[in-house]
Amino acid sequence: RQLEDLREQYEAEQREQQIAMLTLQNETAEFRRNTFLAGGILLSLILLLLFNRQRVKSKKNRQLLEKEQEMAEMKSSFFSNISHEFRIPLTLISGPIEMMKNDIEDSKIKAQLDVMQQNANRLLTLINQLLDLSKLESGKLELSQEETDIITLVKGVTMTFQSLAEIKQIGLSVETDLTCLKFSVDHEKLETILINLVNNAFAYTPEGGKITVVLGVEKDDSGKDQCRIAVKDTGQGIPKQDLPSVFDRFYRGNGESVRQENGTGIGLALTKELVELHDGSIDVSSKEYAGTTFVVNLPMRHGEYHKLEPHESMLTEIPVLAEEETEKSKSANESKESQTDDESAPIVLLIEDNDEVMHYLQDILGDTYRVLMATDGEQGVESALEQIPDLIISDVMMPKMNGYRVADTLKQDEKTSHIPLILLTAKASQKDKMQGLKTHVDEYLTKPFRPEELKIRIQNLIESRRQLREKYKREYMMRPDEVSVDSLDDAFLIRVKDAVDEHIDNEDFTVEQLGKEVGMSRSQLHRKLTALIGQSATEFIRSYRLHRAKEMIGRVAGSISEISYAVGFGSPSYFSKCFRDEFGMSPTESRGNFLD
């Protein structure tokens, strides 16, 4: 009975364990089903959200694409319309100019009309480039290809720059080892490519430099023939950090050496687009201050070419102008460089890197002032320090040293601190004006400017400088010991006075010695003193001696003869003559006035 009870108890425990295990399995299975179901529902929701988000994003992208296409159409239409609107007034400008050139004999007026014609053509070129860029964006610019003699085209385009090469004294040549090169290309667009590259080379090549256009045929990576056109210059080069961006639209670089006022940043961008439209490529290599090379590679489809024999010349120098054209050009330049013969006229220094603007300013001012010219900031500073002009007109953006640095350098130098300075620039923002005024410039004019306004401002500055000369002359001659040091000019005049004071009894004290005392050459000292007090160095020394003598006479510091020797006059009779010339009375009469 006990065994039976134990067996039944054991079986009951076994059944209970099986029931508990089955219950646990059922609960686990139920939990797993619920978990999978919840996970599936959650995953479905996530996928649904992602799908909806992607659908919305795709819809927005389609809308943006449609808007971009619509904007491209509007831009293309706008540029087409605006170019048409620009062409009409440009036509009405260029036509009458051409007629006036034929009717006018005056070489100076003809030269001015040439400048007007060139700039009207430049505006037309810029308008055409903008229009081409807009057509490229909208995909409407198409090639009109025909078989073209590439050698003739390259030489013809390059020769159009021969007069500019002569004016800027830059060597220009075409180098090729081919006698014949013909293949299908868009003639007009290849001209645009070449003009932009050669014009860019001229813009950054200094006087005495060299530009070479190299034409040849090479194999590409697949072994097919391709035309290679390289434009090399010996100019200032492109900074390394600017190289990746030279083909970006409207990119102009940030360095001081960049001629930011002589470009728009669209020429090279358009050039790259036109090259790629021909399925070609363009590359640039440059080293700062060592020159730049642009290389264009164009595929040759059904082209033909013949190379020169190895012993034949490969270099073609661009010919100079005919003799009569050269004389005509010289006479035009002479008319541009004509200026007043009046030796007493004020000297104006022009610092401008654009030749046309330089000659335009010279034409405006040459009849009234003696004009000096400098083509960059460093040259302008050197010329100002050497010549000590009466007024300086400087551009802002120039190679080597910009206008702000020029103004700051000259205003802080004792030799040139007194010279009125006008900054003349196309940068017209308030920030640019504030930067210019912080350098203590006297005037800030923006381009375009009215010639009469420029003349009036120059006249006012020179007149105010004349009035300041009278003030300095009265203060330094009548009360030399009471002058306070408020500026570089005050400090300079006090040093001059002290130097003369130190040698006042030395009859042999010369202007050269005075110059050494104050650290200037004779001519610099003469120009500086004339600008400040209206007297030459010799006149200043004599006048200062006489004023010091008059003061001593008033204090009865000795006899007339003793005083004359004390202030550096070796002859009392010569002293009396100079005294009368200066004050309108003899030393004895002056003493009598003091005693009275």
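Summary of the structure given here. Numbering of residues starts from 1 in every chain and runs along the sequence as written. pLDDT decides what is reported in this predicted model: residues at 70 or higher carry local features, side-chain atom pairs at 80 or more are listed and counted, and totals for whole chains, interfaces and linings draw on all residues regardless. Calculation of side-chain values draws on the structure's entire complement of heavy atoms; hydrogens and water are dropped beforehand.

## What to know about the environment of Glu512
Then comes step 1: Helical segments are the DSSP runs of H or I of at least four residues, strand segments are the runs of E of at least two, and each set is numbered from the N terminus. For Glu512, the position within the fold is in helix α14 (residues 511–518).
Then comes step 2: Sequence separation between Glu512 and Ser523 is 11 residues; the distance between their C-alpha atoms is 9.5 Å.
Then comes step 3: N or O atoms closer than or at 3.5 Å make up a polar contact, with two conditions inside protein: a donor-capable atom paired with an acceptor-capable one, and, for residues adjacent in sequence, both atoms drawn from side chains. Polar contacts involving the side chain of Glu512 include one to the side chain of Arg522, which spans 2.7 Å.

## A short note on the sheet that holds strand β11 (residues 370–374)
Then comes step 1: Two strands make a pair as long as DSSP finds a minimum of two bridges between them. Strand order in the open sheet made by the five strands is β11-β10-β12-β13-β14, with parallel pairing throughout. Across the chains shown, the open sheet's two edge strands, defined by having one partner strand only, are β11 and β14 (443–446). Across the sheet, the mean angle separating the axes of adjacent strands is 20 degrees when strand polarity is ignored.
Then comes step 2: Two residues form a contact once any of their heavy atoms are found within 4.5 Å. To obtain an axis, a line is fitted to C-alpha atoms, over the contacting stretch when the element is a helix, and the angle between two such axes runs from 0 to 180 degrees between their N-to-C directions. Lying on the sheet, helix α10 (residues 403–411) is in contact with β10 (347–351), β12 (391–394), β13 (421–425) and β14; it crosses β13 at an angle near 175 degrees.

## A short note on the packing of helix α16 (residues 537–554) against helix α18 (residues 572–583)
Then comes step 1: At a closest axis distance of 10 Å, the pairing of α16 and α18 adopts a crossing angle of 95 degrees. Regarding the angle of α16 to α18, the classification is roughly perpendicular. Residues Arg542, Ser543, Leu546, His547, Ala549, Lys550 and Ile553 of α16 form the contact with α18, whose participating residues are Phe575, Cys578, Phe579, Glu582 and Phe583.
Then comes step 2: Note that Gly is not counted as nonpolar here; it falls among the polar residues with everything else outside the nonpolar set of Ala, Val, Leu, Ile, Met, Phe, Trp, Tyr, Cys and Pro and the charged set of Asp, Glu, Lys and Arg. A class-by-class count of the residues in the contact of α16 with α18 yields seven nonpolar, two polar and three charged. Roughly parallel means an angle under 35 degrees; roughly antiparallel, over 145; roughly perpendicular, 65 to 115; everything else is oblique.

## Looking at unusual backbone geometry
Then comes step 1: Its identity as a non-glycine residue notwithstanding, Gln169 has a phi of 55 degrees, on the positive side.
Then comes step 2: One non-glycine residue, Asp279, lies in positive phi territory at about 65 degrees.
Then comes step 3: Looking at the secondary structure, you find Asp279 in the loop between α6 (267–277) and β6 (281–287).
Then comes step 4: Classification of residues uses two cut-offs on accessible area relative to the type maximum, computed with a 1.4 Å probe and protein chains only: under 20% is buried, over 50% is exposed, and between them is partly exposed. Taking relative accessible area as the criterion, Asp279 reaches 55% and is therefore assigned exposed.

## A closer look at the nonpolar core
Then comes step 1: Side-chain atoms within 4.5 Å are what join buried Ala, Val, Leu, Ile, Met, Phe, Trp, Tyr and Cys residues into a set we call a nonpolar core. Within the largest apolar cluster, 41 residues are counted, with the highest numbers of intra-cluster contacts made by Ile150, Leu181, Leu190, Leu215, Cys227 and Ile229.
Then comes step 2: Elements represented by at least two residues in this core include exactly α3 (150–159), β2 (171–176), β3 (178–185), α5 (187–203), β4 (210–219), β5 (225–233), α6 and β7 (291–299).
Then comes step 3: Among the elements that take part in this core, α5 stands out by supplying seven residues, more than any other.
Then comes step 4: Among all residues touching Leu215, those that are not within four sequence positions of it are Ile150, Ile151, Val154, Glu175, Thr176, Asp177, Leu178, Leu181, Cys227, Arg228 and Ile229.
Then comes step 5: With 31 residues, the next largest nonpolar core counts Val496, Leu514, Ile533 and Phe575 among its residues.

## Focus: the pattern of salt bridges
Then comes step 1: Salt bridges are counted wherever a side-chain nitrogen of Lys or Arg sits within 4 Å of a carboxyl oxygen of Asp or Glu. For the structure on display, the rule yields 16 salt bridges.
Then comes step 2: In this structure, Glu30 engages Arg33 in a salt bridge whose closest nitrogen and oxygen atoms are separated by 2.3 Å. In this pair, Glu30 and Arg33 both sit in helix α1 (residues 2–103), three residues apart, roughly one turn of the helix.
Then comes step 3: What makes Glu30 partly exposed here is its relative accessible area of 36%.
Then comes step 4: In the salt-bridge network here, residues are joined through shared partners; they are Glu4, Arg7 and Glu11.

## Digging into the packing of helix α13 (residues 488–502) against helix α15 (residues 522–533)
Then comes step 1: Direction vectors running N to C along α13 and α15 enclose 115 degrees, while the axes themselves pass 12 Å from each other. Crossing of α13 over α15 shows left-handed handedness. Contact residues: α13 offers Asp489, Phe492 and Leu493, while α15 offers Leu525, Lys528, Leu529, Leu532 and Ile533.
Then comes step 2: Residue composition of the contact of α13 with α15, by class: six nonpolar, no polar and two charged. With the far helix as reference, a near helix turned anticlockwise by less than a right angle produces a left-handed crossing, and one turned clockwise produces a right-handed crossing.

These values are about where atoms sit, not about what they do.
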